[in-house]
Amino acid sequence: MEALIESIMRGLGQGSVYAMLGLGFVIVYKGTEVVNFAQPALMILGAFLVSWFTFDAGVPFFAALPLAMLAAALLGAAIERIALRPMVGQPVFSAAMVTVGVFFALLTVATRLIGTDIRRTGDPWGLDVLLIGDVRLFQVDIAKLVIGVLAFLVVGAYFKYSRSGLAIRATASDQETALAQGVKVGRMFGLSWALAGALGALAGAFIGAGGVGFEPISALVALKALPAIILGGLDSIKGALIGGLVIGVIESLSRTYQPGIAPWLGANFDQVVPYLVMLIVLMIRPYGLFGTPEIERV
Amino acid sequence: MLTIEGLEVVYEDVILVLKGVSLTVPDGEIVTLLGANGAGKTPVLRAITGLLDVHRGAIRKGSINLDGKPIHHLDAPGTVAAGIGQVMEGRRIFVDFTIDENLRIGAHTADRGTIEANLDRIYTLFPILAQRRKQVAGYLSGGEQQMLAIGRALMAEPKLLLLDEPSLGLAPLIVQQIRDLIVEINEQGTSVLLVEQNANMALSISQHGYILETGKVVMDKPAAVLRDDEDVREFYLGLREEGAASFRDVKHYKRRKRWLS
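What counts and how
- Residues numbered from 1 in each chain as written.
- Chains lettered and ligands numbered in written order.
- Predicted model: local features only at pLDDT ≥ 70, side-chain atom pairs only at ≥ 80, totals over all residues.
- Helix = DSSP H or I, 4+ residues; strand = E, 2+ residues; numbered from the N terminus.
- Rg over C-alpha atoms; globule rule 2.2 N^0.38 Å.
- Buried ≥ 20, exposed ≤ 12 C-beta atoms within 10 Å, placed from the backbone.
- Contact = placed C-beta atoms within 7 Å.
- Core = buried A, V, L, I, M, F, W, Y, C linked by C-beta atoms within 7 Å.
- Pairing = 2+ DSSP bridges.
- Axes fitted to C-alpha atoms, helices over the stretch in contact; angles between N-to-C directions.
- Parallel < 35°, antiparallel > 145°, perpendicular 65-115°, else oblique.
- Nonpolar A, V, L, I, M, F, W, Y, C, P; charged D, E, K, R; others polar.
- Left-handed = near helix turned anticlockwise from the far one by under 90°.
- pLDDT = per-residue confidence, 0-100.
- Expected span 1.5 Å × (residues − 1).

## Section: the overall build of chain B
Summing up its helical and strand segments, chain B has eleven helices and ten strands in all. Since a compact globule built from 261 residues should have a radius of gyration of about 18 Å, the 19 Å found for chain B is in line with a globular shape. Projected onto its principal axes, the C-alpha coordinates of chain B cover approximately 55 × 40 × 30 Å. Across the 261 residues of chain B, 44% fall into the buried class.

Pasting the structure below:
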């Protein structure tokens, strides 16, 4: 029983990271109709920025986090302006390919910056645990979940109540009509990317937290946000949260129980499980749990 | 006052859709632009609001001035800031927004302090919308959506309101309602350029009318004169002096030739 609760909590923690990344994907997809494959690179650069601010600049972790988010937001907006803006009006598939190019360019930069060592982010939680009876919960997992949910509430309120948030939604809904209301559509694209960058940095801060550290190849962890948003629905913010958490928990549970129940599946099977879920979702409900079904009249 | 002089608009670099259109909307008046499908009414509006480039169109010649300042080089957000509000053809409300959000997005360029007062004004003008502030706009009826689209355009306190076929697809009773609302909005101090197919409705409330045919203004007269014009009565109002006659006797081509010469 303790093992089950501990496993679920680890899954919720990791799932929150997928959810934050997924939220970045969803915002860019909704706002600009482009699937942003550069998100993992934004995350790893965000992780580096947090690490740089805490260890090289000597800023406390909780000040380094917003600074890194701001820097990553500027980077996101710059990517949009330089690489994606010229693709406006071109097929979205081409724009998605541009983001793949951006991913590799940024990953190279990140590899150079991070070097060969495993870096740490300087988070205050480390390997500390919270003991409730016999259940040992990692504090970092609780922090991930709390901050993850908080990020969703903040982003949700931003889209609902702020002027620019409303304008991003209007742009996502009908660009020409948004223009006719005086919305500067290009600026909204940039803003979407800035949000994605900030969320990438937030997720990055947690990717190496809890005493594990990160290296350039940790960027691939961010790809698990793809199964999360496909499960939740590509254009749904609520879906990103729930999809992220579900994928995290499924992964964690299979890591805990699969070696005992089905050892013939081999070691590290949990690494594959999110993608198996994605395949099944794509087969039976391609628009995900909360996504908009795409109806095409022929 | 809006003045358009010798406007030429080209789509896709080759299709000349407006061939030297000139028109004027004086302050505080309602001016009607009539024309059949494909005459070029919507391109006139797109040229005014800076939305041509979205449709691969461009202004080739001519000028558009609002109160003496040229606005034909402005992009769409620029024209909104300059004081032009528009209701696009087919209403184009944000269906997944609530009514309140639809109106607030209309005030995107407006001063934050004016939003609440303008919301009150719109909800007084359209009491139906006030009852449903928090409802999703996609569930409104066609007439209510048209009112919402007009209200959204008014949120930015435009000097000039462009209406593209506000009567499109609405029941006659609702058209009456929209007509009265346009008059009321005009009386509150907004000039209106009304683009319509429903000539009867449009000419009954406007001071001046223009008739557009294949990209040219073929008639430019006070609305009262147009209402009594023999050709307009026949082609746009569907009336003939002798009453119902056989369509065999209608000599479209001869009359049209006289107009265009």
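After that view of the structure, there is still more to cover.
## Section: the overall build of chain A
When helices and strands are counted, chain A shows eleven helices and two strands. Along chain A, helices and strands appear, N-terminal first, in the series α-α-α-α-β-β-α-α-α-α-α-α-α. Its C-alpha atoms put chain A at 60 × 50 × 35 Å along the principal axes. Burial analysis of chain A (298 residues in total) assigns 49% to the buried set. Relative to all contacts within chain A whose residues are 6 or more apart in sequence, the contacts with residues 24 or more apart total 76%.

## A look at the nonpolar core
Core analysis: the biggest nonpolar cluster contains 163 residues, and Leu21(A), Leu45(A), Ala68(A), Ala72(A) and Leu194(B) have the highest contact counts within it. Not counting chain neighbours up to four residues away, the residues in contact with Leu45(A) comprise Ala72(A), Leu75(A), Leu106(A) and Ala110(A).

## So, the interface of chain B and chain A
The partner chain A presents 14 residues to the 19 residues of chain B that form the contact. Where the side of chain B that touches chain A is concerned, the elements lending two or more residues are helix H2 (76-82) and helix H3 (99-106) of chain B.

## A few points about the sheet that holds strand E9 (residues 208-213) of chain B
Residues and elements named next belong to chain B. On the basis of which strands lie adjacent, the open sheet formed by six strands has the order E6-E7-E8-E3-E9-E10 and mixed pairing. Strands at the two margins of the open sheet, each flanked by one partner only, are strand E6 (84-87) and strand E10 (216-222). Adjacent strand axes in the sheet meet at a mean angle of 15° when their direction is disregarded. Sheet topology note: the strand E7 (residues 160-164)/strand E8 (residues 191-196) ladder contains five bridges and is parallel. Each bridged residue has a counterpart across the sheet, and for Leu 161 the counterpart in E8 is Val 192. Helix-sheet contacts for helix H1 (residues 41-49) involve strand E3 (30-35), E6, E7, E8 and E9, and the interaxial angle to E7 is about 145°. With respect to the sheet, helix H7 (residues 172-187) is in contact with E3, E7 and E8, its orientation differing from that of E8 by roughly 155°.

## Regarding the packing of helix H6 (residues 163-173) of chain A against helix H8 (residues 185-207) of chain A
All names here are of chain A. Interaxial distance between H6 and H8 falls to 9 Å at its minimum, and their mutual angle equals 105°. As judged from the angle between their axes, H6 and H8 are roughly perpendicular. Where H6 abuts H8, its residues Ser 164, Ala 167, Ile 168 and Thr 171 lie against Val 185, Met 188, Leu 191 and Ser 192. Here the contact of H6 with H8 is composed, by residue class, of five nonpolar, three polar and no charged.

## Some details on the sheet that holds strand E4 (residues 57-66) of chain B
Residues and elements named next belong to chain B. Across the sheet, which stays open at both edges, the four strands sit in the order E2-E1-E4-E5 with antiparallel pairing between neighbours. What marks the edges here is a single partner per strand, and that holds for strand E2 (15-25) and strand E5 (69-70). Sheet topology note: the strand E1 (residues 2-11)/E4 ladder contains eight bridges and is antiparallel. Each residue of the ladder has a partner; that of Thr 3, found in E4, is Asn 65.

## A look at the environment of Tyr257(A)
In this fold, Tyr257(A) is placed in helix H10 (residues 237-261). For the pair formed by Tyr257(A) and Lys238(A), sequence separation is 19 residues and the distance between their alpha carbons is 29 Å.

## Details of the packing of helix H2 (residues 39-56) of chain A against helix H4 (residues 92-114) of chain A
Residue and element names in this part refer to chain A. Between H2 and H4, the least distance of the axes is 8 Å, while the angle of their chain directions is 20°. Taken together, the axis directions place H2 and H4 in an arrangement best described as roughly parallel. H4 is crossed by H2, and the crossing has left-handed handedness. Together, Pro 40, Ala 41, Leu 42, Ile 44, Leu 45 and Phe 48 of H2 and Phe 103, Leu 106, Leu 107, Ala 110, Leu 113 and Ile 114 of H4 make up the contact between the two elements. Looking at the contact of H2 with H4 residue by residue, the class counts come to twelve nonpolar, no polar and no charged.

## Structural notes on the confidence of the model for chain B
Residues and elements named next belong to chain B. Per-residue confidence for chain B averages 88 on the pLDDT scale, and 91% of its residues sit at or above 70. When the elements of chain B are averaged for pLDDT, helix H11 (residues 252-260) gives the smallest value, 52, and E7 the largest, 95. Two numbers describe this predicted complex: its pTM, 0.87, and its ipTM, 0.85.

## Section: helix H5 (residues 139-161) of chain A
Residue and element names in this part refer to chain A. Taking 1.5 Å per residue as the helical rise, H5 with its 23 residues ought to reach 33 Å, and the 33 Å between its terminal C-alpha atoms agrees with that figure. What H5 keeps buried is the set Val 140, Asp 141, Lys 144, Leu 145, Gly 148, Phe 152 and Val 155. Contacts from the buried residues of H5 go to helix H1 (2-32), strand E2 (135-138), H8 and H10.

## Concerning the pairing of E10(B)
Residues and elements named next belong to chain B. Relative to E10, E9 is paired through six bridges, and the arrangement is antiparallel. When the sheet's bridge partners are listed, Gly 209 is paired in E10 with Lys 221. Linking E9 back to E10 in an antiparallel pair, the connection comprises two residues, with Thr 214 at a positive phi of about 35°.

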